[in-house]
Amino acid sequence: MPAAFGWIRAEPHGIHVVPADCWIDPSQPVDRALVTHGHGDHARGGHGQTVATPETLAIMELRYATRDGATPVEYRETIRLPGGVDATYIPAGHVLGSAQILLEHAGERVVVTGDYKRRPDPTCPPFEVTPCDVFITEATFGLPVFCHPPVGQEIAKLLRAVGDHPQRCVLVGAYALGKAQRLIAELRAAGHREPIYLHGAMERMCRLYEEFGVDLGELRLVSDHSKDQLRGAIVLCPPGALNDRWSRRLPDPITAIASGWMRVRQRARQQNVELPLIVSDHADWGELTRTIAEVNPAETWITHGREEALLRWCQLHQRRARALALVGYEDEDD
Ligand SMILES: [Zn+2]
Ligand SMILES: [Zn+2]
């Protein structure tokens, strides 16, 4: 008798769906890739065929300037792959277009989460719990110390800093895909109606979100405005631009970073962050463990982060689990 789930294998450069000869989020170019979402550590260019949501394909087109072999699949739509494998894309609540992929073959169900979170996000539909036999979960923040505060609390901190310093601006380092748009949408939801200023590197992704129906309010480019016009404003830039020459054009900026890593004070200090904002697009420890309990799979495979603590947790709760050793995943998207 073949080993259970022998048709799905974790290889160093991705998850291989053997009968269909396709790969999930491969770190190398392959003939057929199923891509969970647009972050660079999951979505790479150069595949023969790329199966992903229309949003993810549009993000990949923006980043790689090619649409060769793009095969769109809507949420909850099932596509038949070679070898008798069905794939269904299910919302993961991580960024625009992000999906978990449900694979069904020979009566067995495997869910690959990609990156996910359980907190509400105004820019994408929420994670859906999907029963399965094998649950392959990310573990970026897989330590009990990671407990993300409510996003409203962090947004209030940001707005307070702006209000308290009308002569300065608050410069927030945020990833260009996902974090930036979520912050803007949360600021709007909190009643912030002023224009929000962008580093040029963020503009196209924000426009893409708007094309998919996410309302971000009035956005302006920093480069079109004088120092005086930026006093009392919120400015967003990629984290890498926080301390570079570009920021000298800003009026005495208060520097902030929006990231789950801001829970670690040392990281905030290393990056000269005055205003650490703990806002993450990944599940924290409580969300990871609750999700495993709710999905209630026969086996949990853990990847992409801090596998050991979550593995221990599964063992303590009499759950079968194993850690996968995939390469090529970074923190582009925390
Ligand atoms: Zn990731
Ligand atoms: Zn991601």
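Keep in mind that this is a model prediction, so the values were computed, not measured. (Residues numbered from 1 in each chain as written. Chains lettered and ligands numbered in written order. Predicted model: local features only at pLDDT ≥ 70, side-chain atom pairs only at ≥ 80, totals over all residues. Heavy atoms only, no water.)

Caption draft 1: Up close: the overall build of the chain. The secondary structure content of the chain amounts to seven helices and 19 strands. Principal axes of the C-alpha set define a box for the chain whose edges measure 70 × 45 × 30 Å. Within the chain, the fraction of its 334 residues that count as buried is 57%. Excluding contacts between residues fewer than 6 apart, the proportion of contacts in the chain whose partners are at least 24 apart in sequence is 60%. As presented, the chain carries roughly 13700 Å² of accessible surface, and 49% of it is formed by carbon and sulfur atoms. Taking the average place of the 36 positive charges on the side chains of the chain and the average place of its 44 negative ones, the gap between the two points comes to 6 Å. (Helix = DSSP H or I, 4+ residues; strand = E, 2+ residues; numbered from the N terminus. Buried < 20%, exposed > 50% of the residue type's maximum accessible area, 1.4 Å probe, protein only. Contact = heavy atoms within 4.5 Å. Areas by Shrake-Rupley, 256 points an atom, 1.4 Å probe, with all protein chains shown as cover. Lys, Arg positive; Asp, Glu negative; His and termini not counted. Charge placed at Lys NZ, Arg CZ, Asp CG, Glu CD.)

Caption draft 2: Looking closely at the packing of aromatic side chains. Here the structure, examined in full by the defined rule, presents four aromatic pairs. Residues Phe-141 and Trp-261 carry aromatic rings whose centres are separated by 4.5 Å and whose planes lie at 50 degrees to one another, so their mutual orientation is tilted. Taken together, the positions of Phe-141 in the loop between β11 (134–139) and α2 (151–164) and Trp-261 in the loop between β16 (254–258) and α5 (265–270) put the pair 120 residues apart, joining distant regions of the chain. Each member of the pair Phe-141 and Trp-261 is classed as buried. An aromatic cluster is built from Phe-141, Phe-146 and Trp-261, whose rings are joined through pairwise contacts. Its end group placed over the ring of Trp-261, Arg-267 keeps NZ or CZ at 4.2 Å from the ring centre. Geometry around Trp-301 places Arg-322 over its ring, the cationic atom sitting 4.4 Å from the centre. (Phe/Tyr/Trp six-rings, centres within 6.5 Å; stacked < 30°, edge-to-face > 60°. Lys NZ or Arg CZ within 6 Å of the ring centre and 35° of its normal.)

Caption draft 3: The environment of Val-170, seen in detail. Here Val-170 lies in strand β12 (residues 170–173). Along the primary structure Val-170 and Gly-240 are separated by 70 residues, whereas in three dimensions their C-alpha atoms are 16 Å apart. Every residue in contact with Val-170, bar those within four places of it in the chain, is listed here: Leu-158, Ala-161, Val-162, Ala-233, Ile-234, Val-235, Ile-254, Ala-256 and Leu-275.

Caption draft 4: Layout of the pattern of salt bridges. Taken as a whole and assessed by the stated rule, the structure comprises 20 salt bridges. Among the salt bridges present, the one from Arg-109 reaches Glu-104, with a minimum N-O distance of 3.0 Å. Here Arg-109 falls in the partly exposed class, since its relative accessible area comes to 26%. We note a salt bridge from Glu-210 to Arg-207, for which the minimum N-O separation is 2.9 Å. (Salt bridge = Lys/Arg side-chain N within 4 Å of Asp/Glu carboxyl O.)

Caption draft 5: View of the sheet that holds β12. Here six strands make up an open sheet; going across it, the order is β14-β13-β15-β12-β16-β17 and the pairing parallel. The sheet terminates laterally at β14 (219–221) and β17 (275–277), the two strands that pair on one side only. The average angle at which neighbouring strand axes cross in this sheet is 30 degrees, direction not considered. With three bridges connecting them, β16 and β17 associate as parallel partners. Counterpart to Ala-258 in the pairing with β17 is Leu-277. Running over the sheet, helix α3 (residues 179–189) touches β12, β13 (196–198), β14, β15 (234–237) and β16 and is turned about 170 degrees from β13. Packed onto the sheet, helix α4 (residues 203–211) meets β13 and β14 and runs at close to 160 degrees relative to β14. (Pairing = 2+ DSSP bridges. Axes fitted to C-alpha atoms, helices over the stretch in contact; angles between N-to-C directions.)

Caption draft 6: Quick peek at the nonpolar core. Leu-158, Val-170, Val-172 and Leu-236 are the most contacted members of the largest nonpolar core, which totals 37 residues. When near neighbours in sequence (up to four residues on either side) are disregarded, Leu-158 contacts Val-170, Val-172, Leu-187, Ile-234, Leu-275 and Leu-277. One finds Trp-7, Leu-34, Tyr-75 and Ile-136 within the second-largest nonpolar core, a separate group that totals 27 residues. (Core = buried A, V, L, I, M, F, W, Y, C linked by side-chain atoms within 4.5 Å.)

Caption draft 7: Highlighting α4. Residues Met-205, Cys-206, Leu-208 and Tyr-209 constitute the buried set of α4. Along the axis of α4, the buried residues cluster in a sector spanning 155 degrees; they form a single face. Every exposed residue of α4 that faces more than 90 degrees away from the buried side is listed here: Arg-204 and Glu-211. Against the buried residues of α4 lie α1 (54–64), α3, β13 and β14. Remark: Gly-213 follows α4 within two positions and exhibits a positive phi of approximately 95 degrees. (Arc of directions from axis to C-beta.)

Caption draft 8: The side chain of His-105, seen in detail. One can find His-105 in strand β9 (residues 99–105). When sequence neighbours within four positions are dropped, the list of residues in contact with His-105 reads Trp-7, Pro-19, Gly-83, Gly-84 and Val-85.

Caption draft 9: Representation of the pairing of strand β2 (residues 14–17) in the model. Across four bridges, strand β1 (residues 8–11) lies against β2 in antiparallel orientation. Residue pairing in the sheet places Ala-10 in a bridge with Ile-15 of β2. Taken together, the three bridges between β2 and strand β3 (residues 22–24) define a ladder with antiparallel strand orientation. Within β3, the residue paired with His-16 across the bridge is Trp-23. Here β2 hands over to β3 after four residues, with Asp-21 in that stretch at a positive phi of 40 degrees.

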